[in-house]
Structures are given as structure tokens and as C-alpha cells.
Amino acid sequence: MVRHLGSGGAAAPPVGGREPAPPRSEEEEEEDAGGAGQHRQCQAGAMEAAGAQEPGGGGCSCCSASSRPCCRLPWARKTPGTKKKFTCPGLGLFYTILSAFLFSVASLFLKKIEDVHSVEISAFRCVFQMAFVLPGLIYYKTGFLGPKGKRVFLFFRGFLGSGAMILLYYAFQVMPLADATVITFSSPVFTSLLAWIFLKEKYSLWDLLFTLFTITGVVLIARPPFLFGSSITGIEGSYTNHLKGTIAAVISAVSTASTFVILRKMGKSVNYFLSIWYYAVIGLIECIVALFVIDEWTLPYCGTDRFLLILIGLLGLGGQIFLTKALQIEKAGPVAIMKTMDVVFAFILQILFLNHLPTWWTVGGALCVVASSSGTAVRKWQQNSKKAKENEI
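Every value quoted in this text rests on a predicted model; they were computed, and no experiment measured them.

S.K.: Quick rundown of the packing of aromatic side chains? Include the residues and the values.
M.R.: Applying the stated criterion across every chain yields a total of 10 aromatic pairs. With 5.0 Å between their ring centres and 85 degrees between their planes, Y139 and Y140 make a pair best called edge-to-face. Each ring, one from F155 and one from F159, has its centre 6.2 Å from the other, and the planes form 15 degrees; the classification is stacked. In this pair, F155 and F159 are both assigned in helix α5 (residues 151-174), four residues apart and thus about one turn of the helix distant. Its relative accessible area of 40% is what places F155 among the partly exposed residues. Taken together, the aromatic side chains of F94, Y95 and F322 make up a single cluster linked through ring pairs.

S.K.: Which residues make up the pattern of salt bridges, and what values go with them?
M.R.: This structure, assessed with the given rule, holds one salt bridge. Salt-bridge contacts for D342 lead to K339; the nearest nitrogen and oxygen are separated by 3.0 Å. Since its relative accessible area comes to 11%, D342 is described here as buried.

S.K.: Could you give me a rundown of the packing of helix α6 (residues 177-184) against helix α14 (residues 341-353), with the residues and numbers involved?
M.R.: Each packed pair of helices is defined by two parameters, the angle between the axes and the distance between the axes. Relative to each other, α6 and α14 sit at 170 degrees, their axes nearing to 8 Å. The angle between α6 and α14 falls in the class roughly antiparallel. Between α6 and α14, the residues in contact are L177, A178, T181 and V182 and D342, V343, A346, F347, L349 and Q350, respectively. Residue composition of the contact of α6 with α14, grouped by class: seven nonpolar, two polar and one charged.

S.K.: Give me a nonpolar patch on the surface: which residues, what numbers.
M.R.: A contiguous nonpolar patch, built from V344, I348, I351, L352, F353 and L357 and spanning about 570 Å² of accessible area, is present on the exposed surface. Inspection of the secondary structure puts I351 in helix α14. For I351, a relative accessible area of 36% puts it in the partly exposed group.

S.K.: For the nonpolar core, give the residues involved together with the corresponding values.
M.R.: Ranked by internal contacts, the top residues of the largest apolar core, which has 42 residues, are I113, I121, Y169, F172, V182 and V343. Counting residues per element, this core draws most heavily on α5, at six residues. Other than its neighbours up to four places away in sequence, F172 contacts S107, L110, K111, L177, A180 and T181. Core analysis: the next-biggest nonpolar cluster, separate from the first, contains 11 residues, L137, I262, M266 and W277 among them.

The rules behind these values
- Residues numbered from 1 in each chain as written.
- Predicted model: local features only at pLDDT ≥ 70, side-chain atom pairs only at ≥ 80, totals over all residues.
- Heavy atoms only, no water.
- Phe/Tyr/Trp six-rings, centres within 6.5 Å; stacked < 30°, edge-to-face > 60°.
- Helix = DSSP H or I, 4+ residues; strand = E, 2+ residues; numbered from the N terminus.
- Buried < 20%, exposed > 50% of the residue type's maximum accessible area, 1.4 Å probe, protein only.
- Salt bridge = Lys/Arg side-chain N within 4 Å of Asp/Glu carboxyl O.
- Axes fitted to C-alpha atoms, helices over the stretch in contact; angles between N-to-C directions.
- Parallel < 35°, antiparallel > 145°, perpendicular 65-115°, else oblique.
- Contact = heavy atoms within 4.5 Å.
- Nonpolar A, V, L, I, M, F, W, Y, C, P; charged D, E, K, R; others polar.
- Patch = residues over 30% accessible without salt bridge, like charges linked within 9 Å, V, L, I, M, F, W, Y side chains within 5 Å.
- Areas by Shrake-Rupley, 256 points an atom, 1.4 Å probe, with all protein chains shown as cover.
- Core = buried A, V, L, I, M, F, W, Y, C linked by side-chain atoms within 4.5 Å.

This is a description of form; function is not addressed.
This is the structure in C-alpha cells:
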């Protein structure tokens, strides 16, 4: 049996006992007539190699390295029977809100735990993350160390990321929930600054303005005595603990920004599960060493505290999962803006369950930090969209 290509193409006998591909219709011939005439010999060569590759498996034999559509086999363009995947509008933003809510509830539970140090709580969360990430590593066969050229980046990602978590938990314990949340929310601004220093990314006057806004917001929340006087209201406990919590929250935000820069440097060459694995393992080692140094290792006495520890681990993991899913189906700009709900939830939960009304200084500082972080996210979003359009042109 001999099959003809179009009206007068070269004949291609079946090779290897396989059934040849179905003939092309007149509509397909007319569709390709404008741009595929110069590649007619290329298509004929590909037909001769049909027995060496599955239909739809790749391009033609003489220019397989090319990604030009005119050099692809006809049946590789459309797969019969496939349906377009349905995407729900706004699903990524809903995942972001859900992630913010889970993180905020976990922070509230942390405030409710008594007689357990923040470092020990961080250790419990690391154990939960290791238990849930381990099956993913086994399933995807990523190994436990990662690519040789990326292990240094993975180590610092785990060291800085887990350090940011420990400092954040400490800030939650010694200062108002909303204050700590607002300060750590300034990480996008620090990300732009560190990306300019280490990745040579553009840093404009707008970025400098957002950084100054962030510093202003942190000062309004911290309220140092040399600016606001010796009598400071609206803080939990002593001002010394409030100042320690503020410093811990700022260092946590800078550490979080550093992990973002490291992840951006690594790109997509490292599996997400492997990145979390380093985060959990190195974090657990950090917590164990710190607990031995400060001698604060104690098992929770109350059954309620044990239950809250489990919930913190589950809610933290759930928040990470939903945030990751949001970034997979939605652009980073809208997700970063929607993450301002972290601050909103923190204020609401603090008022409802902790009976602590924020001061106007805290509200003003929150507006400065949220405005600067949202502005940074919008600018990055616009820049990426502009680059994408230029690449299309």
C-alpha cells in the first residue's frame, strides 16, 4: 500500500510493521500552504522516519532541535480527544486568602500556648514538615541532597528560612500579634533591595521610596523612646520585650527576603519538595542546638498545649501548600497584593480573641508597610508584564 502526501508528495512506505499516519486533509494542506512550502522536503524526511518515533512525539528528522511549528509533524499539533483544562477565575486569589487565614490562625494558637518556648514550637513544626515532605521526595525521586551545584544555595535557603521562622515565632510571643505580622510583611521591600545588591536587578527611585515607607512603618510600631518619650502605651509586657520582638521581626523579614533571592537564583532547577526538606531538616538542627544552649527544652504539661502544637504544624503546612498552589495558577503580583490579608486577619484575631486593641501608631505603621509592600508588588508585576509583551513582539 502506498500513501501520497497531499496531491503529489513523496510516497512513504510503512516502516517496522507500523501503521502509517493518516493522510492530511485539504484544510490542513491549505493551512500550511503559506508557511510550510519551504519545508516540504523536511516533512517528507520526517515521514520516512515515522517508524523510528511515535506519532506526535516530536519534530522532523533534519531539524529536530528546532522549535518552529512548520517543522513539526502534522499530527503533533493537535492531540485528538484532548479537552481544554478548565480554570476557575480567581481560584489563585482564593487560595492566597485561605493561606493567609491559616497562617494567622496558627499565629493566634502560638499566642495561646503557655510555658513552651518559641524555639521548641519551631522544632515541632519542622518535624511535621519533614513527615509530610518525605513521601513527596520518595515519589518524585529527587534524592535528599539535591544537585551538587545547588547544595550550597539549598543550605543557605534552609538556614535563613528556618531562622526567619524561629525569630517570627519569638516576635509573636513577646509583642502584639498585629505588630509582628506587619513588620514581617515588609519582606518584599527588602527582597528588592537584596536583589539589587546580589542579583544586579534594577532598583529605582520608587523602590527607594517604598523602602523609606517601610522603615517609617517599623518606627511607628516600635516607637523608640528617644522619639516618642518614655511613656509608651499599647504594648504587651515591658518595652524591653517589645523592642526585642521588633528586632526579631525585622531580622525575620530580612531573612525571608534573603530566601526569596536565593530561590530566584536557583530558579526552577530544584524541586519544591527538596527546598522544603532542607528548610525542615536544617531548621530542626538549629532548634535542637538552640534549645540545648538556652536550656528551655520542656514537654508541654497541658493537653491543650499539645493539641495546639499539632494544629500549628498542620495549619503552617496547609498555609504553605495553598500559597504554593496560588503561585502556580496566578501571577505573583496579584498574589502578593492579596497577601495583605495577613495583616487584616491579624488585626481581627487580635481584637476578637486576645482583647488587645491596636493603637493609632500601629494602624499608621501598618498602612505604611502595607502600602510599600503592595507598591513593590505592583511595580514588579508591571515590569514583568512589560517584558513579556516585548518578548512576544
